[in-house]
Amino acid sequence: IERRFGRFCKSIFVRFLVEGGRSKMQTNEGLYICLEGIDGAGKTSQISKIHEYLEEQGNKIVRVREPYDTPIAADLFKYVLNAHTLEDYTKAMLMLACRYDIQYKKIKPALEEGCIVLSDRSFISMLAYQLMYTGKSDHQQIRRFIELSTYVVRRPDRVLMFDLPTSVALERCDSPPFSPVGWTNAEYLEQVRKSYLRMMHWGMIENAVPVDALKDPGQVFLDLKKIIDADVEAYRLRILERAKKGA
């Protein structure tokens, strides 16, 4: 993995200088929706329902799961999980590399084709899990990292931020979630949840809408439909406006 990772990092650096260093990775094509929140919040169940709902309306959907939805990203993700001596910031940079690979191989091409991309997690998870759970990272450091990440990954058009008490989330998990050495699952998830809530409070997550994941799953889906229907309608209007300008 070290040899593959070395080549991968070199390609990231070159592409960052050629493309990312010139402009932020944003585009008006497609619609990029991501679901965020701690393990056990119900994201995976709801994204399946959203996928089916949007597909029934005739939309072309590309679904991804970050941060390990390509072979290289999966290998790098396993490396980070097992590299217990890495500093938190170094882990965050490696996780950003995972997301970069997914962005350029799956998300960016899909958006350029005008698809709706549904993502289970995004770079926002990286901030919550790798940077903030220890409490060492300050407000300005997070802002600087968010600014850096926009040159490498595209910010979602809509962030559906799932939240519920940690105790309920743990009960819902099919298997115990990952937690680093020295932390219980409950302690770790609670710190991550606080990280998400702090970022929401500080206004660091663009286009975010809070989702009360403690509600009945059926009601949660109805709440999500209202948000997504409005986003898809705006997306379609944007396509029509572009078509008029091109006519």
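The structure reproduced in this document is the subject of the present report.

Cut-offs used in this document
Residues numbered from 1 in each chain as written. Predicted model: local features only at pLDDT ≥ 70, side-chain atom pairs only at ≥ 80, totals over all residues. Heavy atoms only, no water. Helix = DSSP H or I, 4+ residues; strand = E, 2+ residues; numbered from the N terminus. Buried < 20%, exposed > 50% of the residue type's maximum accessible area, 1.4 Å probe, protein only. Contact = heavy atoms within 4.5 Å. Areas by Shrake-Rupley, 256 points an atom, 1.4 Å probe, with all protein chains shown as cover. Phe/Tyr/Trp six-rings, centres within 6.5 Å; stacked < 30°, edge-to-face > 60°. Pairing = 2+ DSSP bridges. Axes fitted to C-alpha atoms, helices over the stretch in contact; angles between N-to-C directions. Parallel < 35°, antiparallel > 145°, perpendicular 65-115°, else oblique. Left-handed = near helix turned anticlockwise from the far one by under 90°. Nonpolar A, V, L, I, M, F, W, Y, C, P; charged D, E, K, R; others polar. Core = buried A, V, L, I, M, F, W, Y, C linked by side-chain atoms within 4.5 Å. Polar contact = N/O pair within 3.5 Å; in protein donor to acceptor, adjacent residues only side chain to side chain. Expected span 1.5 Å × (residues − 1). Arc of directions from axis to C-beta. Salt bridge = Lys/Arg side-chain N within 4 Å of Asp/Glu carboxyl O.

## Structural notes on the overall build of the protein
Thought 1: Along its length, the protein carries nine helices and five strands.
Thought 2: Ordered by position from N to C terminus, the α and β elements of the protein give α-β-α-β-α-α-β-α-α-β-α-α-β-α.
Thought 3: Per-residue burial over the protein gives 45% buried out of 247 residues.
Thought 4: Of the contacts formed within the protein by residues at least 6 apart in sequence, a portion of 82% connects residues at least 24 apart.
Thought 5: Of the roughly 12500 Å² of accessible surface on the protein, 54% is carried by carbon and sulfur atoms.

## Topic: the packing of aromatic side chains
Thought 1: Counted by the stated rule, this structure contains three aromatic pairs.
Thought 2: With 6.1 Å between their ring centres and 90° between their planes, tyrosine 53 and phenylalanine 221 make a pair best called edge-to-face. Highlighted residues: tyrosine 53 in helix H2 (residues 43–56) and phenylalanine 221 in helix H9 (residues 217–246), separated in sequence by 168 residues. Like phenylalanine 221, tyrosine 53 is buried.
Thought 3: The interplanar angle of 45° and the centroid separation of 5.0 Å between the aromatic rings of tyrosine 68 and phenylalanine 77 together place this pair among those described as tilted.
Thought 4: Residue classification places tyrosine 68 among the partly exposed positions, given a relative accessible area of 32%.

## Description of the sheet that holds strand S2 (residues 61–65)
Thought 1: On the basis of which strands lie adjacent, the open sheet formed by five strands has the order S2-S3-S1-S4-S5 and parallel pairing. Looking at strand neighbours, the two that pair on one side only are S2 and strand S5 (208–212), the edges of this open sheet. Each neighbouring strand pair of the sheet contributes to a mean axis angle of 20°, computed without reference to strand direction.
Thought 2: Packed on one face of the sheet, helix H4 (residues 88–112) meets strand S1 (31–36), S2 and strand S3 (116–120) and runs near 160° to S2.

## A short note on the packing of helix H3 (residues 71–82) against H4
When two helices pack together, their arrangement is given by the angle between the helix axes and the distance between those axes.
Thought 1: Interaxial distance between H3 and H4 falls to 9 Å at its minimum, and their mutual angle equals 165°. Considering the angle they form, H3 stands roughly antiparallel to H4. In terms of crossing hand, the pair formed by H3 and H4 is left-handed. Across the interface between the two elements, Ile72, Ala73, Leu76, Phe77, Tyr79 and Val80 from H3 touch Lys91, Leu94, Met95, Ala97, Cys98, Asp101, Ile102 and Lys105 from H4.
Thought 2: Partitioning the contact of H3 with H4 into residue classes produces eleven nonpolar, no polar and three charged.

## Details of the nonpolar core
Thought 1: Among the nonpolar cores identified, the biggest contains 66 residues, and Ile50, Leu54, Ile116, Leu160, Phe162, Tyr196 and Met199 are the most heavily contacted of them.
Thought 2: Examining the composition of this core, we find that twelve residues originate from one element, H4, more than from any other.
Thought 3: If we ignore the near neighbours within four places in the chain, the residues touching phenylalanine 162 are Leu35, Glu36, Gly37, Ala41, Gly42, Lys43, Gln46, Val211, Ala213, Val220 and Leu224.

## Details of the side chain of serine 125
Thought 1: Along the polypeptide, serine 125 turns up in helix H5 (residues 123–131).
Thought 2: At 3.1 Å, the side chain of serine 125 forms a polar contact with the side chain of arginine 121.

## Some thoughts on helix H8 (residues 185–201)
Thought 1: Compared with the 24 Å implied by 1.5 Å per residue over 17 residues, the 24 Å span of H8 between its first and last C-alpha is a close match.
Thought 2: Buried residues of H8: Tyr188, Leu189, Val192, Arg193, Ser195, Tyr196 and Met199, and no others. For H8, the arc enclosing every buried residue in end-on projection is 150°, short of the 170-degree limit, so these residues lie on one face.

## What to know about the pattern of salt bridges
Thought 1: Following the criterion strictly, the structure yields 13 salt bridges and no others.
Thought 2: For lysine 105, the salt bridge goes to aspartate 101, with nearest N and O atoms at 3.1 Å. Of this pair, lysine 105 and aspartate 101 are both found in helix H4, four residues apart, which corresponds to roughly one turn of the helix.
Thought 3: Here glutamate 206 and arginine 155 are joined by a salt bridge, their closest N and O atoms 2.2 Å apart. A residue pair is termed long-range when its members are at least 10 positions apart, and glutamate 206 in the loop between H8 and S5 and arginine 155 in the loop between helix H6 (139–149) and strand S4 (158–163) qualify at 51 residues.
Thought 4: A single network of salt bridges, built from pairs that share partners, joins Glu36, Asp39 and Arg121.

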